[in-house]
Amino acid sequence: MTSTVDPALIEDEYPLQRLMGFAMQDWSDGYARFHLPLKPELMNRYGIPHGGLYAVLLDTVMGFSGSYTGDADRKQMVMTLSMTTNFLGRPYGQILIGEGRRTGGGKSVYFSDGTITDETGAVIATGSGTFRYRKGQAA
C-alpha cells in the first residue's frame, strides 16, 4: 500500500514510531491514515496484538487529523486531553490501518474519531478524543 501524502509533509520518524513501525499513508485537512505492520514483538502473551497498540495508533491518527497545515515549514503540534478506546475484535490480517477524522472544535480545542481495521476489513477498535492545539511550532 503506497502513501498518498506529499513527501515534503512526511516528518522524520520519532523514536516510538520507529520502535513500533507505524507509517503515515494519507494526511489531509481533517484526516490521517497510518499503517502498522504486525510483528511478533507487538503481540501480548496470548499471541495477539497488545491492546496498547490500538490506543497508540488511535491517538496518533486522531492527533494528526487535526494538525494538518499543508505547509512543511508550519507544523501544528497538538496534545491529547482525553481519549476513549473501544476494543471490538481482533485482526485477521497482518497490517493495522488507523484512520482519524477531525469532527469539530474551535481555535484551541478539537474533537476527533478514529477507527482501526486490518487489510481484510475487520473492524478492530474505535476511539474518540479531545485535543488541544499547542502554541508555537515544533523544533
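Sequence order as written defines the numbering, with residues in each chain counted from 1. The model is predicted, so local features are restricted to residues of pLDDT at least 70 and side-chain atom pairs to those at 80 or more, both for listing and for counting; the totals for chains, interfaces and linings are taken over all residues. As a rule here, side-chain values come from all non-hydrogen atoms in the structure, and water together with hydrogens is ignored.

Overview of the environment of Tyr-54
Let me state the cut-off plainly: Strands here mean DSSP runs of E at least two residues long; helices mean DSSP runs of H or I at least four residues long; both are numbered from the N terminus. Residue contacts follow a heavy-atom distance rule, with two residues in contact if any of their heavy atoms lie within 4.5 Å.
Among the secondary structure elements, Tyr-54 is positioned in helix H2 (residues 51-65). Put simply, Tyr-54 and Gly-127 are 73 residues apart on the chain and 9.1 Å apart in space, counted from C-alpha to C-alpha. When near neighbours in sequence (up to four residues on either side) are disregarded, Tyr-54 contacts Pro-49, Phe-87, Pro-91, Leu-96, Ile-116, Ile-124 and Ala-125.

Digging into the nonpolar core
For clarity, the cut-off: We call a set of buried residues a nonpolar core when its members are Ala, Val, Leu, Ile, Met, Phe, Trp, Tyr or Cys and they connect through side-chain atoms within 4.5 Å of each other. Burial status follows relative accessibility: with a 1.4 Å probe on protein chains alone, a residue under 20% of its type maximum counts as buried, one over 50% as exposed, and anything between as partly exposed.
Of all hydrophobic cores here, the largest spans 25 residues; its most connected members are Trp-27, Phe-34, Leu-36, Leu-57, Leu-96 and Ile-116. At the level of elements, strand S1 (23-28), strand S2 (31-37), H2, strand S5 (109-118) and strand S6 (123-133) are the ones that each hand at least two residues to this core. The biggest single contributor to this core is H2, with 7 residues. Here Leu-57 is in contact with Phe-22, Phe-34, Leu-36, Leu-96, Ile-97, Gly-98 and Ile-116, once residues within four sequence places are set aside.

A short note on the packing of aromatic side chains
Cut-off, in case you're wondering: Pairing of aromatic side chains requires ring centres within 6.5 Å, counting the rings of Phe and Tyr and the six-membered ring of Trp. Pairs whose planes differ by under 30 degrees are stacked, by over 60 edge-to-face, and all others tilted. Criterion for a charge above a ring: Arg CZ or Lys NZ at most 6 Å from the ring centre, at most 35 degrees from the ring normal.
Applying the stated criterion to the full structure yields 8 aromatic pairs. Considering the side-chain rings of Tyr-110 and Phe-131, the 5.2 Å spacing of their centres and the 15 degrees angle between planes classify their relative orientation as stacked. With Tyr-110 in strand S5 and Phe-131 in strand S6, the pair connects residues that are 21 residues apart, well separated along the chain. With a relative accessible area of 0%, Phe-131 lands in the buried category. Ring pairing ties together the aromatic residues Tyr-14, Phe-22, Trp-27, Phe-34, Phe-64 and Tyr-68, which thus form one cluster. Above the plane of the ring of Tyr-92 lies Arg-90, whose end atom (NZ or CZ) is 5.0 Å from the centre.

A word on H2
The periodicity of an α-helix, 3.6 residues per turn, causes residues three or four positions apart to be oriented the same way. Quick note on the threshold: To estimate how far a helix should extend, the number of its residues minus one is multiplied by 1.5 Å.
Between the first and last C-alpha of H2 there are 21 Å, a value that for 15 residues agrees with the 21 Å anticipated at 1.5 Å per step. Listed in full, the buried residues belonging to H2 are Leu-53, Tyr-54, Leu-57, Leu-58, Thr-60, Val-61, Met-62, Gly-63, Phe-64 and Ser-65.

Overview of the pairing of S5
Convention followed: Only strands joined by at least two bridges in the DSSP assignment are considered to pair.
In this structure, strand S4 (residues 95-105) lies alongside S5, joined through 9 bridges in antiparallel fashion. In the sheet register, Gly-100 faces S5, and the bridge partner there is Gly-114. Two elements, S5 and S6, share 9 bridges in a ladder whose sense is antiparallel. Bridge pairing in S6 links Thr-117 to Val-123. What sits between the antiparallel neighbours S5 and S6 is a turn of 4 residues, in which Gly-121 has the positive phi angle 95 degrees.

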